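The chain contents come next:
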Amino acid sequence: MSILADPNAARDHARAMAGTVVEAMPILPPKADDLPAGVSPDDLVWEETIAAGGYASRELSRGTRLRLIDLQGDACVSLQLFNAAMPTERLNVADTVKVQWNAYLGQGSLFLSDMGRVLASIEQDDAGTHDAFCGASNAASNERRYGDGSNSGPFPNARDRLLLGAAKHGLARRDVHPCVNLFKGVRIAADGSTEPQLGPFAPGRTLVLRAEMDLIVVLANCPHVLDPRPWTVTPLRATSWRGPVTGEDDPIRNATPERQRAFLNTEDWVRR
């Protein structure tokens, strides 16, 4: 008889799994042994490994840091951000690029909403390969490349994974907006053609984001839409901790007049 046919046996089997550690899932309570200097373990709020093809979402308070580590050098992380108090305000990739006069995001760059406010900033980046042009893969693009683009199939796409993450916060398909892809880059050549930077890269490349308002963060770890290889992506580690809110003397804030204005817009919202 199958264990599933006997509810008592199924219960006993499930309880016997207590304490089993599965790599690709949140660690509860959050634990990490490699926090930056000065960060207390008591300030940890999130520790999770996101598997190949996986997704995650989380609410983070203002001042929280989110560290993402490309564990094996082949992660591709589609990122979406929402104002947690008013999710109709969300990451606007076009304004992020336009307002900062720079399409190649890196350390010191801001993620902006269409309200002219800062959602998050890049506090640290030793990867240098990110993509603000191509957006997420979808069911149709994965079907063309791999023969199956379904969310429940062997080659899940980033857009549907983002939808699953957003749905956990009451959001729907119409809320899944253009994203930024982290750890995989695209540059534009002089003739207008795209030049993908897809790796694989050295393991352990790291990015640290700083939440500049209360956020909903949604991540999907799926192959880049331009990746010509067979379906290939490796795990991502996410670690988050509480931190100080950006002050008026912050070098990222004061690097350009555009950034100063964006932070002032954010603070005007926070004071309401």
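Small disclaimer: the values here were computed from a predicted structure and weren't measured. (Residues numbered from 1 in each chain as written. Predicted model: local features only at pLDDT ≥ 70, side-chain atom pairs only at ≥ 80, totals over all residues. Heavy atoms only, no water.)

(A) The sheet that holds strand β11 (residues 205-211), seen in detail. A sheet is described by the order of its strands in space; here 6 strands give the open sequence β1-β13-β3-β11-β6-β5, paired in antiparallel fashion. The open sheet has two edge strands, β1 (44-50) and β5 (110-112), and neither has a second partner. Neighbouring strand axes in the sheet, compared pairwise and without regard to direction, differ in orientation by 20 degrees on average. With 6 bridges joining them, β1 and strand β13 (residues 236-241) adopt antiparallel strand pairing. Counted as the bridge partner of tryptophan 46 is serine 240 from β13. Most of the contacts of helix α5 (residues 257-270) go to β5, to which it runs at about 55 degrees, and overall it touches β5, β6 (118-125) and β11. (Pairing = 2+ DSSP bridges. Helix = DSSP H or I, 4+ residues; strand = E, 2+ residues; numbered from the N terminus. Axes fitted to C-alpha atoms, helices over the stretch in contact; angles between N-to-C directions. Contact = heavy atoms within 4.5 Å.)

(B) Main features of helix α3 (residues 139-146). For α3, the full list of buried residues reads Ser141, Asn142 and Tyr146. For α3, the angular spread of buried residues about the axis comes to 100 degrees, placing them on one side. Exposed residues on α3 whose side chains face more than 90 degrees from its buried face are Glu143 and Arg144. Where α3 begins, the capping side chain belongs to asparagine 138, and its oxygen is found 3.1 Å from the backbone nitrogen of alanine 140. (Buried < 20%, exposed > 50% of the residue type's maximum accessible area, 1.4 Å probe, protein only. Arc of directions from axis to C-beta. Polar contact = N/O pair within 3.5 Å; in protein donor to acceptor, adjacent residues only side chain to side chain.)

(C) Region of the structure containing the nonpolar core. Of all hydrophobic cores here, the largest spans 32 residues; its most connected members are Leu68, Leu81, Phe111 and Leu219. Those residues within four positions of leucine 81 in sequence are excluded, and the remaining contacts are Arg90, Leu91, Phe111, Leu119, Ala120, His177, Leu215, Ile216 and Val217. By size, the runner-up hydrophobic cluster in this structure holds 12 residues, among which are Phe82, Ala166, Leu171 and Cys179. (Core = buried A, V, L, I, M, F, W, Y, C linked by side-chain atoms within 4.5 Å.)

(D) How the structure looks around empty space enclosed by the protein. By the definition in use, this model includes 3 cavities of 30 Å³ or more. The calculated volume of the largest cavity comes to roughly 50 Å³. Leu60, Thr64, Leu66, Leu81, Ala120, Leu209, Arg210, Ala211, Leu215 and Val217 are the residues that line the largest cavity. Counting only elements with at least two residues in the lining of the largest cavity, the list comes to β11 and β12 (215-221). (1 Å grid on protein atoms, 1.4 Å probe; cavity = no way out; pocket = protein on both sides within 12 Å on 5 of 7 lines; lining within 4 Å. Points joined across faces, edges and corners; volume = space filled by probe spheres on them.)

(E) Up close: the pattern of salt bridges. A complete count under the given rule lists 18 salt bridges for this structure. Among the salt bridges present, the one from arginine 229 reaches aspartate 74, with a minimum N-O distance of 2.9 Å. Residue arginine 229 is found in the loop between β12 and β13, and its partner aspartate 74 is found in the loop between β3 (65-70) and β4 (77-83); the two are separated by 155 residues along the sequence. Using a relative accessible area of 22% as the deciding quantity, one classes arginine 229 as partly exposed. Glutamate 267 is the partner of arginine 253 in a salt bridge, and the nearest nitrogen-oxygen pair spans 2.3 Å. With a gap of 14 residues between them, arginine 253 in the loop between β13 and α5 and glutamate 267 in helix α5 connect regions that are remote in the sequence. The class of glutamate 267 is buried, set by a relative accessible area of 14%. Where salt bridges share partners, they join Arg65, Glu123, Arg210, Glu212 and Asp250 into one cluster. (Salt bridge = Lys/Arg side-chain N within 4 Å of Asp/Glu carboxyl O.)

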